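Examination of the molecular architecture
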Amino acid sequence: MAERENFGSKLGATLAAAGSAVGLGNIWRFPVETGQNGGAAYIIIYIACIILLGIPIMSSEFLIGRATHCNTAGAYNKLAPGTQWKWVGRLGVLSGFLIYCYYSVVAGWTLAYSLLAICNQFADKGPDDYVRVFQDFASNPFLPVVCMAAFFITTHLVVVRGVKQGIEKFSKLMMPALFIITVILVFCSLNLPGAGKGVEFLLKPDFSKITTSTVLNAMGQAFFSLSLGLGCLCTYASYFNRDTNLMKTTVSVCTIDTLVALMAGFIIFPAVFNVGMKLGPDDVGPSLIFITLPNVFHQAFAGAPALGYIFSVMFYILLMLAALTSTISIHEVVNAYVSEEFHIRRSRSALIVTLVCMFIGVCCALSFGVLSDFTIFGMTLFDLFDYIASNILLPIGGMLIGVFTGWRLDRKLCYDQLTNGGTIRAPYFPLLRFCLRYVIPLAIGAILFNQFGFA
Ligand code: PHE
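Residues numbered from 1 in each chain as written. Predicted model: local features only at pLDDT ≥ 70, side-chain atom pairs only at ≥ 80, totals over all residues. Heavy atoms only, no water.

**A closer look at the overall build of the protein**
- Across its full length, the protein carries 18 helices and 2 strands.
- Over its C-alpha atoms the protein spans a radius of gyration of 21 Å, differing by no more than 12% from the 23 Å that the globule rule assigns to 455 residues.
- In terms of its C-alpha atoms, the protein occupies a principal-axis envelope of roughly 60 × 50 × 45 Å.
- Classification of the 455 residues of the protein by burial places 58% in the buried group.
- For the protein, restricting intrachain contacts to residue pairs at least 6 apart in sequence, the fraction spanning at least 24 positions comes to 85%. (Helix = DSSP H or I, 4+ residues; strand = E, 2+ residues; numbered from the N terminus. Rg over C-alpha atoms; globule rule 2.2 N^0.38 Å. Buried < 20%, exposed > 50% of the residue type's maximum accessible area, 1.4 Å probe, protein only. Contact = heavy atoms within 4.5 Å.)

What follows is the structure, given as structure tokens:
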């Protein structure tokens, strides 16, 4: 087997992990959740979840990956040989596989909408036209499949180039581009007339809207957005060097991810309030991004169509880049597992993963059209995969990772990893262990309880 690669630089490692975290979850899911859960009050709870759950679990994934230099399933085998803990890693690979199949469908839509925006297809349309454009597109038997395939192929081409030449190089190029586009869009949006109302919504908390389900939603969102619970960051950390400061990387990734999510809010809400709209119950998931927003952008920039054009193009390209850095990381979780556990050459295992996921992805893409009547437990394949992965497998995975690090792993091994063998300080260590041992199992237990309908 070829020698295992590492990331070439600390910056590259941080940007790759941030690329995994920043994705459709930040730009599409976060603003929707914020809109429906009381604005600023939701944001405060979300940030608390990032600090109390996100940071401990992410640092656990990092230390497990870096301590073993293995794919996520192999990592548990190495740290707890002969036990059932390997199932935590395998569960992660399964979650990655499911997420990859349906996430690529939406990722394909971002490609299609970037092209539509470039071809100025959102001009001169009324609100109903945007619904029609999306429905026609999503139910078409070919276009979404072609766009999705293009996404799979691009992801594949990056992953086969390897960790340093592929993932790291690509992240170093894409992440700054993504950040610049985000900042420009925030600036444009904040300059729209009436933007102040959107800003007020994001900054003035209305605690009366907070219920237990708001708190639970915020936790779920934090997981999805930080790519936690499936060993994605554990796999990336297996390529970290010995001198990478794990806690510093954790804090950087969480900060970048939260900043991008907040900036997405500052792009979307000023524009939505500018046209005097409120996010309704129908503006959830894809419909916000692919139906509501083209309409909002069109109306918001009615006085300056050229600016509206540039805004839309940049927005959809931003979404596409964000989705791509995330699909690369999901592919890598599954690819590292298949390649290392079954001793298959990396390029070959990458091809297997791409082909299998593409095949299942086609079925997910068609669940908006010809396969819309094919349902399991009353859900289309797309919804089923989303539900199982995000609502069940990721929280269970996150909880088990926390329990593994807090209760099973040797305390000294954790301390050594976080302090790089005692060379850096870790005054936070007792607090981190407390979160891993008590806060995480209790908090995530509550999410699961809620999701299974017992609460
Ligand atoms: N974090 C990504 C996003 O916000 C999604 C993702 C989930 C990526 C799990 C990798 C693993 O869109």
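After presenting the structure, the write-up continues.
**Notes on unusual backbone geometry**
- Its identity is not glycine, yet Ser227 carries a phi of approximately 60°, on the positive side.
- Structurally, Ser227 can be placed in the loop between helix H10 (212-225) and helix H11 (232-237).
- Although it is not a glycine, Phe377 adopts a positive phi angle of roughly 50°.
- Turning to its location among the elements, Phe377 is positioned in the loop between strand E1 (375-376) and strand E2 (379-380).

**Quick look at the state of the cysteines**
- In the structure shown here, the tally under the stated rule is 0 disulfides.
- Between Cys147, a free cysteine, and Cys119, which holds the nearest cysteine sulfur, the sulfur-to-sulfur gap is 12 Å.
- On the basis of relative accessibility, which here comes to 9%, the residue Cys147 falls in the buried class.
- Here Cys435 is not cross-linked by a disulfide; its sulfur's nearest cysteine counterpart is in Cys49, at 12 Å. (Disulfide = S-S within 2.5 Å.)

**Regarding the packing of helix H5 (residues 86-118) against helix H15 (residues 346-366)**
- Viewed as axis vectors pointing N to C, H5 and H15 meet at an angle of 55°, and their least axial separation amounts to 8 Å. Classified by the angle between their axes, H5 and H15 sit oblique to one another. When you trace H5 past H15, the crossing you get is right-handed. Counting all contacts with H5, which are made through Phe97, Tyr100, Cys101, Tyr102 and Val105, the residues of H15 involved are Val353, Val356, Cys357, Ile360, Gly361, Cys364 and Ala365.
- Here the contact of H5 with H15 is composed, by residue class, of 11 nonpolar, 1 polar and no charged. (Axes fitted to C-alpha atoms, helices over the stretch in contact; angles between N-to-C directions. Parallel < 35°, antiparallel > 145°, perpendicular 65-115°, else oblique. Left-handed = near helix turned anticlockwise from the far one by under 90°. Nonpolar A, V, L, I, M, F, W, Y, C, P; charged D, E, K, R; others polar.)

**Comments concerning the site of the ligand**
- Taken together, 15 residues form the shell around the ligand, and within it Ala21, Leu24, Gly25, Tyr103 and Phe224 come nearest.
- Taking Ser20, its main chain carries an N or O atom lying 3.3 Å from a nitrogen atom of the ligand.
- At a separation of 3.0 Å, a nitrogen atom of the ligand approaches a polar backbone atom of Ala21.
- Counting residues per element, the ones that place at least two in the shell around the ligand are helix H1 (10-21), helix H2 (24-36), H10 and helix H14 (305-341).
- In terms of residue class, the shell around the ligand is built from 7 nonpolar, 8 polar and no charged. (Near = heavy atom within 4 Å. Polar contact = N/O pair within 3.5 Å; in protein donor to acceptor, adjacent residues only side chain to side chain.)

**Some details on the packing of aromatic side chains**
- Under the defined criterion, the tally for this structure stands at 37 aromatic pairs.
- Here the aromatic rings of Trp109 and Phe382 are separated by 6.3 Å at their centres, their planes lie at 15°, and the arrangement is stacked. With Trp109 in helix H5 and Phe382 in helix H16 (residues 381-408), this residue pair connects regions lying 273 residues apart in the sequence.
- If you follow Arg90 out to its NZ or CZ, it ends over the ring of Trp87, 4.7 Å from the centre.
- One Lys or Arg, Arg437, reaches over the ring of Trp407 and ends 3.9 Å from the middle of that ring. (Phe/Tyr/Trp six-rings, centres within 6.5 Å; stacked < 30°, edge-to-face > 60°. Lys NZ or Arg CZ within 6 Å of the ring centre and 35° of its normal.)

**Remarks on the environment of Ala150**
- Note on placement: Ala150 falls in helix H7 (residues 143-160).
- For Ala150, a relative accessible area of 29% puts it in the partly exposed group.
- Considering only alpha carbons, one finds Ala150 and Ala107, 43 residues apart in sequence, at a separation of 9.8 Å.

**Description of a nonpolar patch on the surface**
- On the surface, a nonpolar cluster with roughly 470 Å² of combined accessible area is contributed by Trp407, Phe434, Tyr438 and Leu442.
- Take the nonpolar patch: its biggest share by element is 3 residues, from helix H18 (residues 429-451).
- Judged by its relative accessible area of 65%, Leu442 falls in the exposed class. (Patch = residues over 30% accessible without salt bridge, like charges linked within 9 Å, V, L, I, M, F, W, Y side chains within 5 Å. Areas by Shrake-Rupley, 256 points an atom, 1.4 Å probe, with all protein chains shown as cover. Salt bridge = Lys/Arg side-chain N within 4 Å of Asp/Glu carboxyl O.)

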